[in-house]
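# Structural overview
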Amino acid sequence: MINEKMKKLGVSRSTIRELFEYGKKLKAERGENYVFDYSLGNPSVAPPDAVNLGIASLLENVRDVELHGYTSAEGDINTRRAIAKYISEAFSAPASYEYVYMTAGAAGALVSVLGALTNENETVIALAPYFPEYKVFVERNGARLKPVMCKANDFTPDVDALDAAIDESVAAVIVNSPNNPTGAVYSEDDIKNLASLLERKSKQYGKPIYIIADEPYRELVYDGKEVPFIPNYYNNTVVCYSYSKSLSIPGERIGYAFVSPRADDAKTVMRAICGAGRALGYVCAPSLLQKLVPSCIGKTSDIKLYEENRRMLYEALTSYGFDLVYPSGAFYLFLKSPTGDAKEFSETAKKYGLLLVPSDDFGCEGYVRIAYCQSPDMILRSLPYFEKLVGEYKKESKNN
Ligand code: PLP
């Protein structure tokens, strides 16, 4: 019999994907230049040269089956060593290849880590607004997702709300900074406060409550802001990292999970992650991409372009009278619906060819997400339509 839960997931596409597909239809009807698709977080900046050169060099120089063969389940040993070396040098954190598990992107890391750290009926906290797939990943294992809203003024963690929400069923807290969808970057103080709360709660309930640090946007950070490396503040941390956004290669599917060696039972956690990956039939992460990683570590695509997009949109939208939080990282803006109704706002924006994702699936009402990883030309052309869109609400409030 067909599995109902899986059927439902397959039939109902995510709101983001739905909007992206709608955009393709709308472009066919209205013409490419009249549709401004801000739905998907698909990087628009070319990968750094190191990616294409690295792949070409591997194809040219490594001609035996080794290049395309299975690696060990945890991943290629040289790649894992290179990642551990990078972590210890870049973040002055203890690291060893034994605690690095190669995955198909951050998504592959998240499902494996959640599989390892949660049991049926346990709870995983997500700081809201959150990446909608967290709910799917958490529920796959029979656990439940409990959203805890961030502070409304800047979307940083609300430690008092977390304190009230964490009970003994909580196995882990997912922390995503720089954040999708708000662009918030959590400060060192935010992380210290979170760490001391979780230490207290872990002691109270006599078990570790893990932080799962979801970090696909780690390098996408502006204004000289720093992204604290959470294992340096909280021992029971597992980092889920991805090269999708930093190297602009999301379709290639490469990332890793890193267990802090200081975590309680770090070796057992690592074994459980391998077990979860095995149960998912992952076998190993894509071999060619694993072998590319050592030559690309620490490199990024030209992030300045996103920074310029952010400046252009933020300045224009605030000057038109929109209400939005200043984003310090990732490539998203979170814009308040003038009526407080996200779906209505997203529908009205479609009239102007603007595809903005309503926030409800992010576990937060009343906003839309703008993915500004788009061409500067498209952004520039969209600005008059944003102005018309806000004009519609100004007219309404005058008439009322
Ligand atoms: N986590 C967050 C917050 C994301 O925004 C995304 C993708 O957009 C992912 C995880 C998954 O990324 P990946 O392509 O590395 O699987």
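Not measured: the values here are computed from a predicted model. (Residues numbered from 1 in each chain as written. Predicted model: local features only at pLDDT ≥ 70, side-chain atom pairs only at ≥ 80, totals over all residues. Heavy atoms only, no water.)

## Quick word on the sheet that holds strand E11 (residues 357-358)
- Spatially, the three strands line up as an open sheet ordered E9-E12-E11, and their pairing is antiparallel. Edge strands, defined here as strands with exactly one partner in the open sheet, are strand E9 (332-336) and E11.
- Where E9 and strand E12 (residues 367-371) come together, five bridges link them in antiparallel fashion. Bridging across to E12, Phe334 finds its partner in Arg369.
- Against the sheet, helix H12 (residues 342-351) touches E9, E11 and E12, its axis set at about 50 degrees to E12. (Pairing = 2+ DSSP bridges. Helix = DSSP H or I, 4+ residues; strand = E, 2+ residues; numbered from the N terminus. Contact = heavy atoms within 4.5 Å. Axes fitted to C-alpha atoms, helices over the stretch in contact; angles between N-to-C directions.)

## Focus: the side chain of Asp37
- Relative to the helices and strands, Asp37 is located in strand E1 (residues 36-37).
- Buried within the structure, Asp37 lacks any salt-bridge partner; its nearest side chain of opposite charge belongs to Lys27, at an N-O separation of 4.7 Å.
- Among the polar contacts made by the side chain of Asp37, one reaches the side chain of Ser39 at a distance of 2.6 Å. (Buried < 20%, exposed > 50% of the residue type's maximum accessible area, 1.4 Å probe, protein only. Lys, Arg positive; Asp, Glu negative; His and termini not counted. Salt bridge = Lys/Arg side-chain N within 4 Å of Asp/Glu carboxyl O. Polar contact = N/O pair within 3.5 Å; in protein donor to acceptor, adjacent residues only side chain to side chain.)

## Points about the site of the ligand
- Near the ligand, the surroundings consist of 14 residues, among which Ala106, Asp214, Tyr217, Ser242 and Arg253 are the closest.
- Contact between the ligand and Ser242: an oxygen atom at 2.5 Å from a side-chain N or O atom of the residue.
- Interatomic distance of 2.7 Å between a side-chain N/O atom of Arg253 and an oxygen atom of the ligand.
- The leading source of residues in the shell around the ligand is helix H5 (residues 105-117), at three residues. (Near = heavy atom within 4 Å.)

## Topic: the sheet that holds strand E4 (residues 144-149)
- Reading across the sheet, the seven strands line up as E2-E8-E7-E6-E5-E3-E4 and stay open at both edges, with mixed pairing between neighbours. Taken across any chain shown, the strands that pair with only one partner, and hence form the sheet edges, are strand E2 (100-103) and E4. When strand polarity is set aside, the average angle formed by the axes of neighbouring strands in this sheet is 20 degrees.
- Looking at chain direction, strand E7 (residues 237-242) and strand E8 (residues 255-259) are connected through five bridges and run antiparallel. Considered in E8, the bridge of Val238 is made with Val259.

## Side note on the domain arrangement of the protein chain
- When cut into domains, the protein chain gives domain 1 (4-47 + 302-399) and domain 2 (49-296).
- With 31 residues of domain 1 at the contact, the number on the domain 2 side is 35 residues.
- Together domain 1 and domain 2 conceal approximately 2500 Å² of surface at their shared face, both sides included; 63% is due to carbon and sulfur atoms.
- Per-residue buried area on domain 1 facing domain 2 is highest for Pro47, Ser328 and Phe362; these three make up 23% of the total on that side.
- Taken together, domain 1 and domain 2 are joined by one salt bridge.
- Between Asp223 and Arg310 there is a salt bridge, with the nearest N and O atoms lying 3.0 Å from each other.
- At the junction of domain 1 with domain 2, the criterion picks out 13 residue pairs in polar contact (both at pLDDT 80 or more). (Domains from an automatic or database assignment. Buried area = accessible area lost by both parts, 1.4 Å probe.)

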